[in-house]
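Close look at the chain arrangement
Residue strings, one per chain:
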Amino acid sequence: MRTVFSYLKPYRLAVYVALFLMLVELAVELTAPLILARIIDDGVVAGDLNVVIFWGIILMASSLVAFLAGIVNSFYAAHAGQSTGLDLRGAMFRRIQLSSFAKLEDFATSSLIMRLTNDVTQIQNTVFMGLRIMMRAPLLIIGGVVLSFFINARLALVFAVVIPLLVLTITILMKKGALSFGWVQRRLDQVNHVTRENLMAMKLVKAFVRRGHEAKRFVTNNTQLKDQTVKALRLMEITQPVLLLLMNGSIVAVLWFGSFQLNTGNAQVGEIVAIVNYATRIMGALTVLSMIIMFLSRAKASAERIEEVLTTCDADEMVTDANPETYLRGNIKFDHVSFSYGKTEQEVLRKVSFNISSGQTIAILGATGSGKSSLLQLLPRLYTPQEGMIRIDDVDIQELDLKVLRESIGYVSQQTMLFSGTIRENISWGKPEANLNEIVRAADAAQIHETIQKLPDGYETRIGQRGVNLSGGQKQRIAIARALIREPQILLLDDSTSALDNRTEAAFLRALEQYPCTTILITQKLSTAASTDRILLLEHGELLAEGSHEELLSNSTFYQELYSSQYGKEA
Ligand SMILES: Nc1ncnc2c1ncn2[C@@H]1O[C@H](COP(=O)(O)OP(=O)(O)OP(=O)(O)O)[C@@H](O)[C@H]1O
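Residues numbered from 1 in each chain as written. Predicted model: local features only at pLDDT ≥ 70, side-chain atom pairs only at ≥ 80, totals over all residues.

Our working rule: UniProt positions are given in the numbering used here, feature names are shortened, and annotations may be inferred rather than shown by experiment.
As recorded in an unreviewed UniProt entry, the protein chain goes by the name ABC transporter ATP-binding protein, listed as coming from Alkalicoccobacillus porphyridii. UniProt, in the comment section headed Subcellular location (unreviewed entry), describes the protein chain in these words: "Cell membrane".

Here it is as structure tokens:
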């Protein structure tokens, strides 16, 4: 909880003001029974109307002050709560953005979304409640007990028995509650996860007629969420009756002992009324406290989940102050590079070594799962190899400024990802300051300019969520244009031409010649690979062979088999 609540620090002033106003409210609440005792004993019983009027006015005035303090307290409490939430969400978002993939993969996307939204809301509410009523309840209980002793110590002894019992009950419930609500949040993650998957795979679910199966999966998770929430709430629901029972018992005890004390002259009517009044207020505070326990239990579970993100995600991608004009030339050298996704995972790349000179175009060929995408992702340092070294322009990429490294790279991932917005915005996402000419040039090279022009709104056509209103090939080409507009020194194409027909692909590869960059393209098509300077053959994470199309055709049986599988034996 400590890390999360340290985010309250910048709002210290609002916190102090809110706490001060809360204390004002508390003071009025605590002194009211004292005033009441005075009105009864010195005014009503003694028959002095002046005392009744004087203390009556004081009671009214202090109530008004408490009322105003309450309103202003709400403003400050809301400000502190909402601002802490804003900062927490911001901090988590930045952490997630800066974190390495290796760490980020510890969390499901849906869980991260829940932590950024739902969990932060729990903290926001807790801060608000804390400043508004949470602190008031225990202080009211303590103050009520102390003042009761001050009024009549013998009668107040009843509280000395009841209060420790209450504290014990509350502590036990709070511990169990935090555990239970932690599970509620996890179940909520699960429901979110299934919903997200279903929404994303809606077409697939319909086409495979798997609606029933998916509905069942959803219902199972949804029911688990309900059951867990009911279980957690049930724990909380028994709190209130237990607390009420204890407090009502203590009121009866005060009245019972009070009647004896009254007869022996050791207590006055006003004192008994005041202590019963305190008992009632303490009971009210306890009801609030039971609600607070629920909030705190939830907040504790949420704070732990938020802290997990803030501490697990390593902010390894620090923005440095290297000269933004520093660009790389694009000579790439892999030197005995081995890589696996985790300590326990199998090696995906094994002692891979090769050189690429600046300006060359290289194709990587290999069966699915042979490690092609993994190899590509090592270059922009999306992952770090465990062994060996990758050099660009003879510098270990681990020592290169990350911003410089990534700004020199144009990366087109295997799964095309477009953002909601217009086509123009999507292309210029690669270079925000690009003008329309640059956008058109990139789109033209990516063989998508003509298609865009035929659209009614041209470059201003809005792309639906994840590009739903575009074909697979169109999306791929926009993604390519987005990478080309950066005029990168290194262009990485991860099977990015798979949805293009041969003619368009050939035109694209020709257009690429205008860009003097080192290009590494992953492809399944031999025709594409054959048009590059050199081909790397990857199998089970090892570099099997490398050379030009002709060289491999005469030297590599693996390549010959690939060739005959694509062009027929007789070829
Ligand atoms: N994020 C990941 N975490 C753990 N293992 C992974 C991850 N991504 C890929 N792998 C594993 O690494 C191996 C190589 O995957 P990679 O995506 O690099 O292959 P690929 O040659 O690009 O395959 P494809 O042609 O099908 O895209 C596979 O066995 C895969 O299961």
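**Focus on the UniProt feature "domain: ABC transmembrane type-1" (unreviewed entry) in the protein chain**
The test is simple: Strands here mean DSSP runs of E at least two residues long; helices mean DSSP runs of H or I at least four residues long; both are numbered from the N terminus.
UniProt marks residues 17-298 with the feature "domain: ABC transmembrane type-1" (unreviewed entry), using the numbering shown here. Spanning residues 17-298, this segment combines 93% helix with 0% strand, and its end C-alpha atoms are found 26 Å apart.

**A short note on the site of the ligand**
Operational definition: Proximity of a residue to a molecule or strand is defined by its backbone-placed C-beta atom lying within 6 Å of that partner. Each residue receives one of three labels: charged for Asp, Glu, Lys and Arg, nonpolar for Ala, Val, Leu, Ile, Met, Phe, Trp, Tyr, Cys and Pro, and polar for the others, Gly being one of them.
Contacts to the ligand come from 13 residues, most closely from Tyr341, Thr368, Lys372, Ser373 and Ser374. Of all the elements, helix α12 (residues 372-378) adds the most residues to the shell around the ligand, at 3 residues. Of the residues contributing to the shell around the ligand, the split by class is 2 nonpolar, 8 polar and 3 charged.

**Focus: unusual backbone geometry**
In plain terms, the rule: Exposed residues have 12 or fewer other C-beta atoms within 10 Å of their own C-beta, buried residues have 20 or more, and residues in between are partly exposed; the C-beta atoms are placed from the backbone.
For Val209, which is not a glycine, the phi torsion comes out positive at approximately 45°. With respect to the helices and strands, Val209 occurs in the loop between α8 (202-207) and α9 (211-237). What makes Val209 exposed here is the crowd of 8 C-beta atoms within 10 Å. Although it is not a glycine, His540 sits at a positive phi angle of roughly 45°. Structurally, His540 is set in the loop between β11 (534-539) and β12 (542-547). For His540, a count of 15 C-beta atoms within 10 Å translates into the label partly exposed.

**So, the packing of helix α6 (residues 136-151) against helix α7 (residues 153-200)**
Helix packing for two helices is described by the angle between their axes and how far apart those axes are. Stated formally: Fitting a line to C-alpha atoms yields each axis, with helices limited to the stretch in contact; the angle taken between N-to-C directions then spans 0 to 180 degrees. Should an angle fall under 35 degrees it is called roughly parallel, over 145 degrees roughly antiparallel, and 65 to 115 degrees roughly perpendicular, with every other angle called oblique. In this scheme, a crossing is called left-handed if the near helix is turned counterclockwise away from the far one by less than a right angle; it is called right-handed if the turn is clockwise. By the convention adopted here, residues make contact when the C-beta atoms placed from their backbones lie within 7 Å.
One can describe the packing of α6 onto α7 by two numbers: an axis separation of 7 Å at closest approach and a directional angle of 150°. Relative to α7, the element α6 is oriented roughly antiparallel. As α6 packs across α7, the resulting crossing turns out to be left-handed. Judged by residue contacts, Val145, Ser148 and Phe149 of α6 engage Ala153, Ala156, Phe159 and Ile163 from α7. Along the lines of polarity and charge, the residues of the contact of α6 with α7 split into 6 nonpolar, 1 polar and no charged.

**Things to note about the pairing of strand β6 (residues 409-412)**
Each regular strand shows side chains that alternate between the opposite faces of the sheet. Stated precisely, the cut-off is as follows: Strand pairing follows a simple DSSP-based rule, namely that at least 2 bridges must link the two strands.
Going residue by residue along β6, you find Ile409 and Tyr411 tucked away on one face and Gly410 and Val412 tucked away on the opposite face as well. Pairing analysis gives 4 bridges linking β6 to strand β9 (residues 490-494), with the strands arranged parallel. Note that in β9 the partner of Val412 across the bridge is Leu493.

**Some words on the sheet that holds strand β2 (residues 347-356)**
What the 4 strands build is an open sheet, ordered β2-β1-β4-β5; its pairing is antiparallel. Among the strands making up the open sheet, the edge pair consists of β2 and β5 (395-396). In this sheet, β2 lies alongside strand β1 (residues 332-340) in antiparallel orientation, the contact comprising 6 bridges. Counterpart to Val337 in the pairing with β2 is Val352.

**Digging into the pairing of strand β10 (residues 518-522)**
Of all the 5 residues making up β10, 5 are buried; the element is thus mostly covered by neighbouring parts of the structure. Where burial is concerned, the two faces of β10 agree: the one with Thr518, Ile520 and Ile522 and the one with Thr519 and Leu521 are both buried. Relative to β10, strand β3 (residues 361-366) runs parallel, the two sharing 4 bridges. Bridge pairing links Ala363 to Leu521 in β10. Sheet analysis places β9 next to β10, joined by 5 bridges and oriented parallel.

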